[in-house]
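Descriptive analysis of the structure
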Amino acid sequence: MTTYYFVRHGTTDFNGLGVYFGKTDSPLNVEGILQAKALGVSLSKVNFDEIYTSPMKRCVDTARFITDKRMPYVLDELSELDFGRWEGLDFRQCSERDPEEFRKWSADYRNTAPPEGEKYTEFYTRVRRFYEEILMQKEGTMLIVAHKGVLQLLVSLFLSDSDSLFWNFNFLLGKYSILERYEDHCTINRLNV
């Protein structure tokens, strides 16, 4: 059996603004630091065989508060979608700034990238690569610290081998969830603890 601890990074100032941000390296704020420290206490007795994190500071710092003795593997595959020129803007600002591009993206987010950003299909491909080449190849107890979109996609891949369940899960800031895989069967053990 393999056990996965999925952690969404702690709160940043951008989280409260309702803006798009993936590649913007917004650090943990005071609340996020407290959340990460609490995760460290809650998970202190778990012996992780592998630790993976997004390269964004909010994820790396969250991972370090959880496992201060071990350095995580920092992987670009765990980065959130790059929203390009829309980083730091809310949906209203995006639609005013780039009305035609925003209309196209809203109608077909899978195949249309935000200006200077990343298509969902590109995001899907790199997250799926991590899923297939790392998560499905290793056993033990793993910690993955990442972003909401990445965690939603990973859970969907575990449960359906596709992104069909992407919108069915919400990962809360500074919380952990546990999935257990035995052979080709995966179960959600806990969500947003």
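Residues numbered from 1 in each chain as written. Predicted model: local features only at pLDDT ≥ 70, side-chain atom pairs only at ≥ 80, totals over all residues. Heavy atoms only, no water.

1. Focus on the sheet that holds strand β1 (residues 2-8)
- Taken together, the six strands give an open sheet; going across it, the order is β3-β2-β4-β1-β5-β6, and neighbouring strands pair in mixed fashion. In this open sheet, the two strands that pair with only one neighbour each are β3 (73-74) and β6 (185-190).
- As paired elements, strand β2 (residues 50-53) and strand β4 (residues 141-146) share four bridges and run parallel to each other. Considered in β4, the bridge of Thr-53 is made with Val-145.
- Sheet strands in contact with helix α5 (residues 120-135) are β1, β2, β4 and β5 (176-182), and its direction is about 165° off that of β4. (Pairing = 2+ DSSP bridges. Helix = DSSP H or I, 4+ residues; strand = E, 2+ residues; numbered from the N terminus. Contact = heavy atoms within 4.5 Å. Axes fitted to C-alpha atoms, helices over the stretch in contact; angles between N-to-C directions.)

2. Quick look at the pattern of salt bridges
- A full pass over the atoms with the stated rule returns 11 salt bridges.
- Close ionic contact of Arg-85 with Asp-98 constitutes a salt bridge, the shortest N to O distance being 2.5 Å. Residue Arg-85 is located in the loop between β3 and α3 (91-97), and its partner Asp-98 is located in the loop between α3 and α4 (99-107); the two are separated by 13 residues in the primary sequence.
- With relative accessibility at 7%, the residue Asp-98 sits in the buried group.
- Across the pair Asp-161 and Arg-128 runs a salt bridge whose closest N-O atoms are separated by 2.6 Å. On the criterion of sequence distance, the pair formed by Asp-161 in the loop between α6 (148-160) and β5 and Arg-128 in helix α5 is long-range, its members being 33 residues apart.
- Judged by relative accessible area, Arg-128 falls into the buried class, the value being 16%.
- Salt bridges sharing partners connect three or more residues here, namely Arg-85, Asp-98 and Glu-116. (Salt bridge = Lys/Arg side-chain N within 4 Å of Asp/Glu carboxyl O. Buried < 20%, exposed > 50% of the residue type's maximum accessible area, 1.4 Å probe, protein only.)

3. Observations concerning the environment of Asp-98
- The sequence separation of Asp-98 and Phe-169 amounts to 71 residues, and the corresponding C-alpha distance is 29 Å.
- Asp-98 has contacts with Arg-85, Trp-86 and Pro-115, leaving out every residue within four places of it along the chain.

4. Some points on the side chain of Thr-12
- Structurally, Thr-12 is set in the loop between β1 and α1 (30-42).
- Take Thr-12: its relative accessible area is 1%, and that puts it in the buried class.
- Side-chain polar atoms of Thr-12 contact the side chain of Ser-26, separated by 3.3 Å.
- With residues up to four places along the chain from it excluded, the contact list for Thr-12 reads Phe-21, Ser-26, Pro-27, Leu-28, Asn-29 and Arg-58. (Polar contact = N/O pair within 3.5 Å; in protein donor to acceptor, adjacent residues only side chain to side chain.)

5. A look at the pairing of β5
- With five of seven residues buried, β5 lies mostly within the body of the structure.
- In the sheet, β1 pairs with β5 via six bridges, with the strands oriented antiparallel. The residue of β5 that forms the bridge with Thr-3 is Glu-180.
- Bridge count for β5 against β6 is five bridges, and the pairing is antiparallel. Residue pairing for β6: Tyr-182 is matched across the bridge by His-185.
- The loop that links β5 with its antiparallel partner β6 comprises two residues; one of these, Glu-183, has a positive phi angle of about 55°.

6. Re the packing of α5 against α6
- Running from N to C, α5 and α6 cross one another at 60°; their axes reach a closest spacing of 10 Å. One element, α5, and the other, α6, form an angle in the oblique class. As for how α5 packs across α6, the hand of that crossing is right-handed. Between α5 and α6, the contacting residues are Tyr-120, Phe-123, Tyr-124, Val-127, Arg-128, Phe-130, Tyr-131 and Leu-135 on the first element and Gly-149, Val-150, Leu-153, Leu-154, Leu-157 and Phe-158 on the second.
- By residue class, the composition of the contact of α5 with α6 is 12 nonpolar, one polar and one charged. (Parallel < 35°, antiparallel > 145°, perpendicular 65-115°, else oblique. Left-handed = near helix turned anticlockwise from the far one by under 90°. Nonpolar A, V, L, I, M, F, W, Y, C, P; charged D, E, K, R; others polar.)

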